[in-house]
Amino acid sequence: YQLADPWDFAAAWARLAVESGAGRVEVSTEGDTSHLRFDGRPLPGGLLLDPVSGLFGEDADGRGRLLAVGLLALQRLSPVSIELRSGGRRWKQGHGDEWTERASAEAGMSAQVLWESASARESAQRLLQEFKGALALADLEVVADGRSLGRRHAEGEAGARKTSSMGRRVCARKGGSVYAGTVNVYHRGVRVYRAAEAALAGIEVHVQDDELPLDFTGCRAVWDRRMGDTFKLAVEAVLNLFPPPPAPRRP
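Just so it is clear, the model here is predicted, and its values are computed rather than measured. (Residues numbered from 1 in each chain as written. Predicted model: local features only at pLDDT ≥ 70, side-chain atom pairs only at ≥ 80, totals over all residues. Heavy atoms only, no water.)

Chemist: Help me understand the side chain of glutamine 208, please; the structure alone is not making it clear to me.
Modeler: Position of glutamine 208 among the secondary structure elements: in strand 13 (residues 203-208). In this structure the side chain of glutamine 208 is engaged in a polar contact, spanning 3.1 Å, whose partner is the backbone nitrogen of glycine 189. (Helix = DSSP H or I, 4+ residues; strand = E, 2+ residues; numbered from the N terminus. Polar contact = N/O pair within 3.5 Å; in protein donor to acceptor, adjacent residues only side chain to side chain.)

Here it is, written out as structure tokens:
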């Protein structure tokens, strides 16, 4: 009942932003600190009194669980401190202490993560990349270190080609490993699955399917018949977008 990779906390909070109705997500770095902010509906005021309570108590819209799953995964990365603001409260954890106090009410949520100095640069860059990847097909503006990537930014990449088939939206461009392509699967614009596919070598694929079932964390899709069909459809769509060259004629 936890995320296999602690860096998947970015996927949990990316979905939290989408479920909060955010129109803009900002991720930035300042010194050894990473900053995250998104607008939309604030979290219930009492949630920051106990940020993991969404796993055990009432959680009407599922946002409490996403907050808790992301927070618990982030703590496995051993940051120096974590600070959250939403719903008129400020929660902070660091140096073995944890406390909550009242703060000015603001839309959405903001978070600050202070990393250990020795690994701060790598951690901050990894966080930027994780959020950019998690929200590549989200219908909201993603701003990374002050640079706007726009909405559904994977579709705006140079050389990207798009198509739709059987209720799925597919976008692909050439790039990546020459040995295997990468298939990224999204649910409501947030990435829920990623895998290599040898048949798509040298191509990066993004496919959205809003009918995929998600696991307990709300961050990952389970592999079932629907996922298998989506994966197969994505491969077929990309081969139509980028037809392989004809085999050379034998003399």
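Chemist: Can you help me understand the pattern of salt bridges in this one?
Modeler: Oppositely charged side chains are able to pair whenever their charged atoms sit close together. Under the defined criterion, the tally for this structure stands at 20 salt bridges. Of the charged contacts, one joins aspartate 139 and arginine 151 as a salt bridge, the two residues approaching to 3.6 Å between their closest N and O atoms. Here the residue aspartate 139 occupies a position in the loop between helix 3 (120-134) and strand 7 (141-144), and arginine 151 occupies one in the loop between strand 8 (147-150) and strand 9 (161-165), the gap between them amounting to 12 residues. Ionic pairing is found between arginine 226 and glutamate 211, a salt bridge with its closest N-O pair at 3.3 Å. (Salt bridge = Lys/Arg side-chain N within 4 Å of Asp/Glu carboxyl O.)

Chemist: Mind showing me how you'd approach the pairing of strand 9 here?
Modeler: Side-chain positions along a regular strand alternate between the two faces of the sheet. Here strand 9 runs beside strand 10 (residues 168-174); their pairing, made up of five bridges, is antiparallel. Considered in strand 10, the bridge of lysine 162 is made with cysteine 171. Remark: two residues form the turn of the hairpin made by strand 9 and strand 10, two consecutive strands paired antiparallel; methionine 166 in that turn has positive phi of roughly 50°. (Pairing = 2+ DSSP bridges.)

Chemist: Help me understand the sheet that holds strand 12 (residues 190-197) in this model?
Modeler: Working definition: the strands of a sheet are paired by backbone hydrogen bonds and lie parallel or antiparallel to each other. The five strands are arranged 9-10-13-11-12 in an open sheet whose pairing can be described as mixed. Looking along the sheet, the strands with just one partner apiece sit at the ends: strand 9 and strand 12. Neighbour-to-neighbour, the strand axes of this sheet turn through a mean angle of 20°, independent of strand direction. Here seven bridges tie strand 11 (residues 181-187) to strand 12, and the two strands are oriented antiparallel to one another. (Axes fitted to C-alpha atoms, helices over the stretch in contact; angles between N-to-C directions.)

Chemist: Sorry, what's going on with helix 2 (residues 63-75) here?
Modeler: Residue pairs three or four apart in sequence face the same way in an α-helix, which turns once every 3.6 residues. Across its 13 residues, helix 2 extends 18 Å between first and last C-alpha, which sits within 8% of the 18 Å expected from 1.5 Å per residue. Counting buried residues along helix 2, 10 of its 13 residues qualify, which places the element largely inside the surrounding structure. Listing the buried residues of helix 2 in full gives Arg63, Gly64, Leu66, Leu67, Ala68, Val69, Gly70, Leu71, Ala73 and Leu74. In this structure, the buried residues of helix 2 make contact with helix 1 (9-19), strand 3 (81-86), strand 4 (89-94) and strand 6 (109-114). (Expected span 1.5 Å × (residues − 1). Buried < 20%, exposed > 50% of the residue type's maximum accessible area, 1.4 Å probe, protein only. Contact = heavy atoms within 4.5 Å.)

Chemist: Any chance you could explain the packing of aromatic side chains here in plain terms?
Modeler: Each aromatic ring pair is summarised here by two numbers: the centre-to-centre distance and the angle between the ring planes. The full count for this structure, using the stated rule, is seven aromatic pairs. Between the aromatic rings of tyrosine 193 and tryptophan 223, the centroid separation amounts to 5.6 Å while the plane-to-plane angle is 50°, which identifies the pairing as tilted. Of the two residues, tyrosine 193 sits in strand 12 while tryptophan 223 sits in the loop between strand 13 and helix 4 (225-241), which places them 30 residues apart along the sequence. Judged by its relative accessible area of 26%, tyrosine 193 falls in the partly exposed class. Connected via pairs of aromatic rings, a cluster forms that spans Trp7, Phe9, Trp13, Trp115 and Phe131. The ring of phenylalanine 216 carries arginine 65 above its face, with NZ or CZ at 5.4 Å from the centroid. (Phe/Tyr/Trp six-rings, centres within 6.5 Å; stacked < 30°, edge-to-face > 60°. Lys NZ or Arg CZ within 6 Å of the ring centre and 35° of its normal.)

Chemist: How do you make sense of the pairing of strand 10 when you look at a structure like this?
Modeler: Pairing of strand 10 with strand 13 involves six bridges; the strand directions are antiparallel. Counted as the bridge partner of arginine 173 is glutamate 204 from strand 13.

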